[in-house]
Structure formats: C-alpha cells, structure tokens
Amino acid sequence: MSETSSPSTSDDASSEPVNVIIIGAGIAGLAAAQRLLGAENKAEKINVTILEASSRAGGRIHSVPFGNGISEQGATWIHGIEGNPVYEFMQEKNIEKPTLTKSTHLSTKRHYCYTDGQTLPRNLVKKVGGLYYDALRQSGQFNQSEEEVDCSKSIGEYLEEKFDRFAEEDVLADILRYFVNVGCNYNACDTLHDLMLRDEGEYIELEGYHPIFPQGYSQVIDTFLEKLPTDCVVYNSPVKCIHWNRDDGQENTGINGPLATGAVKVECTDGRTFPSDYIIVTVSLGVLKENQRTMFNPQLPKEKQRAIERMGFGTVATISLEYETQFWTTYSKNCINLVWRDKMEYAVKKNPSQEWFRKLNTFYQSQHSPNVLVAWLSGNEARQMETLPEEEIIQKCTDILQNIFSDCSIPKPKSMLRTQWYTNPHFRGSYSYMSVGSEGADIDILAEPITANGRPVILFAGEATHRYFYSTTHGAMLSGQREADSILKNLGSQ
Ligand SMILES: Cc1cc2nc3c(=O)[nH]c(=O)nc-3n(C[C@H](O)[C@H](O)[C@H](O)COP(=O)(O)OP(=O)(O)OC[C@H]3O[C@@H](n4cnc5c(N)ncnc54)[C@H](O)[C@@H]3O)c2cc1C
C-alpha cells in the first residue's frame, strides 16, 4: 500500500479492501501477515504491508555465513519441540529436519575448569548444580504454593539466603557463580537480583528436545517469506510515529491536522505516511522502552506506558571464533565451562563487574561450523563487550583459552563475529524477562489493543507480549497469530 491508498472509511466499505500495517518483519510480524492473508472465508479483502526498519526480514532470528557454515546471531534452539508452533510449522514444510539434541548445551564432553586451567571435580559441580536448580524449581512454584514466602524479593536475594553457607567455602561459591552466570544468560538479565521471585513460575518450558536448524534458524523466516506476496515487506522503512485517535479526550494533532476518531496513520522517518485500518506493532520491548513517548501520538495510555517501563528487557551476547583447526579436541573437550575465582559476594552480587570478560561462562564447539568456538555472556558485561574494538575481544578470548589449556601456542582466531543487539537501535537488547517490580499481568497490559469506536486499531505482538512463552520464537510467532485472529474476528471472518 502506498501513501495514496486510503483506509476503508467510505460509505461503500464492503468494496474497499481493509488495510493492515504491521510494524516489524520479525517472526511475530511475518506470522501475523501469513495468518491474515491465508485466512479462508474472509469477509473482506485484506491488504497487508509490513514496514521493516532494516534491509532484511527475521529480526532477532538472523543466521549469517561464518566459518564452514553459519553463525546464529540470535535465536539458536527450538526451546522444546512438543506443541511448539515453530517446530510444527517447519515439519509441515518438509525442509531439512532440525537436529535433535537433548539439551541446549550441546555437548557430552563438558569440562568445568577455573580460568587458570585447574579442573573442578565433576561430583562437586554436580552437587552445586543440583542444589542451584532445585532452588530455582522451588522458586518457580511459589506463586502457586501455600507456603509463606516473601515473594517481593528477587531471585538473587532468595539464592543469597539459601546459599549463604557457601561463603565459607570459596570453591562452592565459585561453582555457584558459574551457574548464576549461566542463569543470567538464560534470562538475559544483568544479575539474578533483576528477576522477580514471585513470577519465576510464569514462564512455561515446553517439553521435548531442543533442536537447532542445521542450515540456520533463518530457514523459518525464508519459509514465511515464500508464503507472502513479494512486495508485502517494505524494507528500510523505520517507523517514526503512529498517529491515532479515539473519543477519550486525548488530543491528536495528526501529521496534517487532527485524525478522525478510529483513524490510524503510520509515519516513517523519511516522511512517507501510510493510512490504515489496523496496525500491529511488533517492535521489541527495548525499542518501546526507548521510543514509546515519541512513537505514539497521542502517547500510549498511562497504564501501558508503566507496564513498558516496569518490564525487563536485557542483553545476551555471543562471540564466535573461527580457527584453522579444532585445537580443543586435542584435549578432548568440546564444551568448556568457565569458573571464575572470586568471593561469595560476586556469586549473586547486585552490581555487575566492570570487567566484561568475567561474565564469559561457556565456550562450546558450534554445531553449525565445527571449527568455530562460541562464547556466551550477558547483562552489563555483554553491553560493554558490544562497544569494544574487535582486537581487544580477540586478545582477551585468546588469553583465556591459552590459560585454560596452559598452552601459549593456541593461536588467535582466523575471524571473529560478535553480536550487538543492544547497540542496534532496532532492538536495544535481546529479549524480555520478568523483572523485579513487574508482574505477569504487565505482559497482558502490553498485549492489550488500543481500541476506538469499539474496535481494535493498534494491536501489540512480539515475544514480550506472550504471557507464558515470552523471550522465545514460539511466543513471538503465537503472539503474531493472536493479533491477526483478533483482527479477523473483528472483521467477522472468524
Ligand atoms: C542472542 C539471542 C539468542 C536467542 N536465542 C533464542 C533461542 O535459542 N530460542 C528461542 O526460541 N528464542 C531465542 N531468542 C529470542 C528470539 O530470537 C526472539 O524472541 C524472537 O525472534 C522475537 O521475534 P519478534 O518478532 O517478537 O521481534 P523481532 O525479531 O525483534 O522483530 C521486530 C522487528 O521490528 C523491526 N523494527 C524495530 N523498530 C522498528 C521501527 N521503528 N520501524 C519498523 N520496524 C522496526 C526490527 O528491525 C525487527 O525486524 C534469542 C534472541 C537473541 C537476541
């Protein structure tokens, strides 16, 4: 649809197509478009335009050529195949089946060691890991239990109390810190003090394997694009403002004067405008946090603004290192789990380290490219890493690997690729989490559409709007379908 096309506001509405603008061509936006265009028995013709800020589709699903294969810059695993719509969608399409691996951490040859190479006894790691995961499981049940627990606490505080005896023994505290670091990765948070204890049980983990896509997660995006008209996605079209109006006294100045009640119009940064009947916003919570005051005219209802502020959105990062040879197999290790020496305070400490590399917790051999090691880190340290010169990151990773293997002949990598989700203004981070001060209901408030004249006009999708599967590709996909269904229902097509 172009600037000249108009929404179906004429008297003869049945002859006018309904125009839907979707903001963002990530999996939520593409799934919404496919649902709208693929719906059978539609009461009206629906035009769908996806305005995408960047020059590619996929958003936080982004597989790029690297090494002898690809590197996943964003989503890597299907988190549980049972009842997973992403998995089912790809099964239907009969593409190369994802490789089934039981865990997300890939390797049977795990090696837990200090950064000076000293191996940690497996039984000790198992014991601390067992206690840590038991404590987390227990915390996940607090919101349904009768037990008297102060649930306004953070998970960090809860773990600190639970494991205060570890302060006596450095090695236990060090191992605990490893698990805490991994926990920060899973949740994309700075520290576990950011995570709300009460709502730990909100997220639902799907059962089954956690496979990867051997040819890259972007296969899912390509499959969606094949199903959509070629001109459906309009690239390089960052949306600056969504103009809307409703009869609740909020003033709308419009771009060229006030809008009629129920009318909505999208304005891009280059001045193009797109009038529409419905708008589905799928931009990340990070983008909403940064831009919500300027991105909506008038501003969003206060309740929604506050939910956006309260909810958590953090950063996880990977560093992919390509080598000529798999030097690590000489030591028969393909997953190195890094334990840093420190005091208990750091284990679940509130203020993250100033040293970015101390959050590195795992180097593992990529399943997509055998000569590549992938390192993970999260939070403040990940954001710090994103800003550093490449050479500094390469040097630090090389120092660490040389120390672990006590071998200063370990070379620098041939090439390096690091993620920069926080630095990128179209994301401002990786995915959402349940933060202290927030609650599950905030997700529903964010997902609530803005209505005018009794119909939804601005709808919200994206991973952060799924109450139980937030942070995942399947949560994002379902949220896009949910909002498309809501439009179809409003049109009387369902
Ligand atoms: C490092 C990392 C690892 C991950 N690992 C996994 C995993 O293993 N498994 C899993 O299930 N999930 C994982 N995720 C999460 C998963 O990738 C996301 O939840 C999901 O892809 C989000 O999809 P979305 O459509 O909601 O948002 P996005 O993919 O962010 O799509 C939103 C789109 O909006 C565009 N946009 C932003 N601003 C504007 C604007 N102003 N105008 C127009 N367009 C705009 C963006 O460019 C983007 O394309 C990971 C994410 C990251 C970053």
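Residues numbered from 1 in each chain as written. Predicted model: local features only at pLDDT ≥ 70, side-chain atom pairs only at ≥ 80, totals over all residues. Heavy atoms only, no water.

To continue, consider the side chain of K359. In this structure, K359 sits in the loop between α9 (344–347) and β15 (362–365). On the basis of relative accessible area, K359 is assigned to the buried category, the value being 4%. Here E381 takes part through its side chain, which lies 3.2 Å from a polar atom of the side chain of K359. When residues no more than four places from it in sequence are discounted, the contact partners of K359 are N181, C184, C189, D190, W376, L377, S378, G379 and E381. (Helix = DSSP H or I, 4+ residues; strand = E, 2+ residues; numbered from the N terminus. Buried < 20%, exposed > 50% of the residue type's maximum accessible area, 1.4 Å probe, protein only. Polar contact = N/O pair within 3.5 Å; in protein donor to acceptor, adjacent residues only side chain to side chain. Contact = heavy atoms within 4.5 Å.)

Here we come to unusual backbone geometry. A cis amide bond links N297 with the next residue in sequence, P298, at an omega value of 0°. As for its position among the elements, P298 is in the loop between β11 (296–297) and α8 (302–310). Positive phi is not limited to glycine here, since A188 has a value of about 55°. The topology assignment puts A188 in the loop between α5 (170–187) and α6 (218–227). Residue classification places A188 among the buried residues on the basis of a relative accessible area of 0%. Backbone geometry at N453 places phi at a positive 50°, although glycine is not the residue there. Along the chain, the position of N453 falls in the loop between β19 (450–452) and β20 (455–460). Owing to a relative accessible area of 54%, N453 belongs among the exposed residues under this scheme.

What follows is about the sheet that holds β11. In space, the four strands of this open sheet follow the order β9-β8-β7-β11, with mixed pairing throughout. Every interior strand has two partners, whereas the edge strands, β9 (273–276) and β11, have only one. Here strand β7 (residues 239–244) pairs with β11 via two bridges, running parallel. Residue pairing in the sheet places I242 in a bridge with F296 of β11. (Pairing = 2+ DSSP bridges.)

What follows is about empty space enclosed by the protein. The tally for this structure, following the rule as stated, stands at four cavities of 30 Å³ or more. Of the volumes computed, that of the largest cavity is approximately 120 Å³. Lining the largest cavity are 15 residues; nearest its centre among them are E72, Y364, S366, H368 and V374. Secondary structure elements with two or more residues in the lining of the largest cavity: β4 (69–72), β13 (316–322) and β16 (372–378). (1 Å grid on protein atoms, 1.4 Å probe; cavity = no way out; pocket = protein on both sides within 12 Å on 5 of 7 lines; lining within 4 Å. Points joined across faces, edges and corners; volume = space filled by probe spheres on them.)

For the structure shown, the criterion picks out 19 salt bridges. Across the pair E290 and R428 runs a salt bridge whose closest N-O atoms are separated by 2.9 Å. Placement of the pair is E290 in helix α7 (residues 285–295) and R428 in the loop between β17 (415–418) and β18 (431–433), with a sequence separation of 138 residues. Three or more residues are tied together by salt bridges with common partners; here these are E202, D444 and R467. (Salt bridge = Lys/Arg side-chain N within 4 Å of Asp/Glu carboxyl O.)

With that settled, consider the site of the ligand. With respect to spatial proximity, 37 residues lie near the ligand, and among them E52, R60, W77, V239 and T473 are the closest. Within the side chain of R60, an N or O atom sits 2.7 Å from an oxygen atom of the ligand. One of the backbone nitrogen or oxygen atoms of T76 is found 3.1 Å away from an oxygen atom of the ligand. About the coverage of the ligand: the protein hides 98% of its 1,000 Å² of free accessible area. (Near = heavy atom within 4 Å. Areas by Shrake-Rupley, 256 points an atom, 1.4 Å probe, with all protein chains shown as cover.)

Moving on to the pairing of β16. Among the seven residues in β16, seven count as buried, and that is most of the element. Across the two faces of β16 the burial is the same, with V372, V374, W376 and S378 and L373, A375 and L377 all buried. When β13 meets β16, the two strands line up antiparallel, connected through seven bridges. When the bridges of β16 are listed, T318 appears paired with W376. Examined bridge by bridge, β15 and β16 share four bridges and lie antiparallel to one another. Residue pairing across strands places T362 opposite W376, the latter belonging to β16. Following β15, the chain reverses through six residues before pairing antiparallel with β16.

Glancing now at helix α2 (residues 85–92). Among all positions in α2, only P85, V86, Y87, F89 and M90 are buried. Looking at the buried positions of α2, the neighbouring elements they touch are α1 (27–38), α6 and α13 (473–490). Put simply, N84 is the residue that caps the front of α2, since its side-chain oxygen is 2.9 Å from the backbone nitrogen of V86.

Paired through backbone hydrogen bonds, the strands of a sheet run either parallel or antiparallel to each other. Here we have six strands laid out as an open sheet, ordered β6-β2-β1-β10-β20-β19, and mixed in their pairing. In this open sheet, the two strands that pair with only one neighbour each are β6 (233–234) and β19. Relative to strand β2 (residues 46–51), strand β1 (residues 18–23) is paired through six bridges, and the arrangement is parallel. Within the sheet, the bridge partner assigned to N19 lies in β2 and is N47. Lying on the sheet, α13 is in contact with β1, β2, β10 (278–281) and β20; it crosses β20 at an angle near 170°. (Axes fitted to C-alpha atoms, helices over the stretch in contact; angles between N-to-C directions.)

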